[in-house]
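# Understanding the architecture of this molecule
Here is what each chain is made of, one letter per residue.
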Amino acid sequence: MLLVLFAASCAATPGPTGGGAPPWAMAIHGGAGVISKDLPAEVREGYFASLTAARDLGARMLGEGASALDVVEAVVRELEDDPRFNAGRGAVYTAEATHELDASIMDGRTLACGAVTGARTVRHPISLARRVMERSRHVFFSGDGAEAFADTQADLERVENTFFDTDHRREALERVLAERQEVRERGTVGCVALDQAGHLAAATSTGGMTAKEFGRIGDSPVVGAGCYANDATCAVSCTGSGEEFIRHCVAYAISARMEHGGQSLAEAAHAVVHETLAPDDGGIIAVSHTGEIAMVFNSKGMFRAAADGNGRRELAIWE
Ligand code: ASP
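Let us look at the structure shown here. (Residues numbered from 1 in each chain as written. Predicted model: local features only at pLDDT ≥ 70, side-chain atom pairs only at ≥ 80, totals over all residues. Heavy atoms only, no water.)

## Observations concerning the packing of aromatic side chains
As enumerated under the stated definition, the model contains 6 aromatic pairs in all. Each ring, one from Y47 and one from F303, has its centre 4.4 Å from the other, and the planes form 15 degrees; the classification is stacked. Of the two residues, Y47 sits in helix α1 (residues 41–63) while F303 sits in strand β11 (residues 301–308), which places them 256 residues apart along the sequence. On the basis of an interplanar angle of 10 degrees and a centroid distance of 5.1 Å, the ring pair of F141 and F149 is categorised as stacked. For F141, a relative accessible area of 19% gives the class buried. (Phe/Tyr/Trp six-rings, centres within 6.5 Å; stacked < 30°, edge-to-face > 60°. Helix = DSSP H or I, 4+ residues; strand = E, 2+ residues; numbered from the N terminus. Buried < 20%, exposed > 50% of the residue type's maximum accessible area, 1.4 Å probe, protein only.)

If you want it as structure tokens, here you go:
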């Protein structure tokens, strides 16, 4: 669970404007969990500024006709560079005080997908996942294999593992180790998009869970659990207790309810988050093939934002 202690209420700007299906739609998240409302105003505003910048980047690209795939990668790269979020630069520490990064991406046009787990020296794990999807015969590389595949990609930015060090994450690790805390700092970033050509894509990236055990893999890089996209249904990115999201194949379950059960995105997302998962497990963002947006969580809060081509703009942390 994301243990960020906050103190203010969420800011949300009004939703939909014009009628009819929007020409494009998108949503982003920056993690779900126990987000206290006792947050200094400047910290809260910092989160809002980061979410707004990432959302507006995606909205601008979609408005200009970019593909959903390019948008979800670009937006997640932006969030990976932001130390506020547990992905890329702001990744949490493992129990050995290193960083092991997980990411996945999926193209709803073809069900092509790519994922990496345990990456250590790639600045933007989401771009490594995209290269796995587009430039390898496989869909998922782990640890040394992910690093070896990265070595073959000359245009991929590499960094020392210490690049991901931050004081606030180290303090969280020390707290967990000293107090043997069961509730550990988590978080993830994600983006889902519908482009003007009617294609969907999803991307998810994370540092996982503070003090995670050697080799532990959460849902974020598991296609069908933490990420899924299918042009026939929806694109989904998840955040929360990875083990639960894997058990319930959360991202795919939402798509399957639409495809096989005839449910709307709102019905499917509500059922999976509030009936299948348990309270405080986390949340999801999703966009459907008709431009419907869902941002549903059963935790105290979820950093999130959304936009569509009809003028909808949203930004929120709590209900
Ligand atoms: N789902 C991530 C994991 O289990 C963490 C999170 O989203 O909070 O690795």
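## Details of the site of the ligand
The environment of the ligand is formed by R186, G187, T188, G208, R216, G218, D219, S220, T239, G240 and G242. T188 has a polar side-chain atom sitting 2.6 Å from an oxygen atom of the ligand. Taking G240, its main chain carries an N or O atom lying 2.8 Å from a nitrogen atom of the ligand. Notes on the ligand: free accessible area 270 Å², of which the protein chains cover 100%. One can see that the ligand is located within the largest cavity. (Near = heavy atom within 4 Å. Polar contact = N/O pair within 3.5 Å; in protein donor to acceptor, adjacent residues only side chain to side chain. Areas by Shrake-Rupley, 256 points an atom, 1.4 Å probe, with all protein chains shown as cover. 1 Å grid on protein atoms, 1.4 Å probe; cavity = no way out; pocket = protein on both sides within 12 Å on 5 of 7 lines; lining within 4 Å. Sits in = over half its atoms within 2 Å of the grid points.)

## So, the sheet that holds strand β7 (residues 227–229)
Paired through their backbone hydrogen bonds, the strands of a sheet run either parallel or antiparallel. Taken together, 4 strands build an open sheet; the order of strands is β7-β8-β9-β10 and the sheet is antiparallel. The outermost strands of the open sheet, each flanked by one partner alone, are β7 and β10 (293–297). Pairwise comparison of adjacent strand axes, ignoring direction, gives a mean angle of 10 degrees for this sheet. Summarising the sheet, strand β9 (residues 282–288) and β10 pair through 5 bridges and their orientation is antiparallel. Bridging across to β10, I284 finds its partner in V296. Sheet strands in contact with helix α7 (residues 250–261) are β7, β8 (234–240) and β9, and its direction is about 145 degrees off that of β8. With respect to the sheet, helix α8 (residues 265–276) is in contact with β8, β9 and β10, its orientation differing from that of β10 by roughly 15 degrees. (Pairing = 2+ DSSP bridges. Axes fitted to C-alpha atoms, helices over the stretch in contact; angles between N-to-C directions. Contact = heavy atoms within 4.5 Å.)

## Overview of empty space enclosed by the protein
Overall, the coordinates contain 1 cavity of 30 Å³ or more when judged by the stated rule. The calculated volume of the largest cavity comes to roughly 90 Å³. What lines the largest cavity is a set of 13 residues, among which T188, G208, R216, D219 and G240 lie closest to the centre. Tallied by class, residues from the lining of the largest cavity come to 1 nonpolar, 8 polar and 4 charged. (Points joined across faces, edges and corners; volume = space filled by probe spheres on them. Nonpolar A, V, L, I, M, F, W, Y, C, P; charged D, E, K, R; others polar.)

## Observations regarding the nonpolar core
Within the largest apolar cluster, 53 residues are counted, with the highest numbers of intra-cluster contacts made by M26, I28, V75, I105 and L128. Residue contributions to this core peak at 8 residues, all from α1. Membership of the second largest hydrophobic core comes to 38 residues, among which are C113, V192, A235 and I285. (Core = buried A, V, L, I, M, F, W, Y, C linked by side-chain atoms within 4.5 Å.)

## Here's the deal with the pairing of strand β2 (residues 101–107)
By the criterion of burial, β2 is predominantly enclosed, with 7 of the 7 residues buried. Burial along β2 is two-sided: L101, A103, I105 and D107 and D102, S104 and M106, pointing in opposite directions, are all buried. As paired strands, β2 and strand β3 (residues 112–119) are joined by 6 bridges and run antiparallel to one another. Bridge assignment links I105 to a residue of β3, and that residue is G114.

## Considering the state of the cysteines
Per the counting criterion, the structure on display carries 0 disulfides. The thiol of C191 is unpaired, and the distance to the nearest cysteine sulfur, on C227, comes to 10 Å. (Disulfide = S-S within 2.5 Å.)

## Focus on the packing of α7 against α8
Relative orientation of the contacting elements α7 and α8 amounts to 135 degrees, with a least axis distance of 8 Å. Relative to α8, the element α7 lies oblique. Two packed elements cross with a definite hand, and for α7 against α8 that hand is right-handed. Residues V250, A253, I254, R257 and M258 of α7 form the contact with α8, whose own contacting residues are L265, A268, A269, A271, V272 and T276. (Parallel < 35°, antiparallel > 145°, perpendicular 65-115°, else oblique. Left-handed = near helix turned anticlockwise from the far one by under 90°.)

## With respect to the sheet that holds strand β6 (residues 200–206)
Judged by pairing direction, the sheet is mixed, and its 8 strands sit side by side in the order β4-β3-β2-β6-β5-β1-β11-β12 without closing on themselves. Every interior strand has two partners, whereas the edge strands, β4 (140–142) and β12 (313–316), have only one. Put simply, the sheet's adjacent strands are angled 5 degrees from each other on average, direction ignored. Where strand β1 (residues 25–33) and strand β5 (residues 189–194) come together, 5 bridges link them in antiparallel fashion. When the bridges of β5 are listed, A25 appears paired with L194. Contacting β3 and β4, helix α4 (residues 143–151) crosses the sheet at an angle of about 110 degrees to β4.

## Section: the pattern of salt bridges
Scanning all chains against the criterion turns up 19 salt bridges. A salt bridge links R130 to E73; the shortest N-O distance between them is 2.9 Å. Taken as a pair, R130 in helix α3 (residues 125–135) and E73 in helix α2 (residues 68–80) lie far apart in primary sequence, 57 residues in all. According to the relative accessible area criterion, R130 is buried, its value standing at 13%. For R312, the salt bridge is made with E314, and the minimal N-O distance between the two is 2.6 Å. A single burial state applies to R312 and to E314, both of which are buried. (Salt bridge = Lys/Arg side-chain N within 4 Å of Asp/Glu carboxyl O.)

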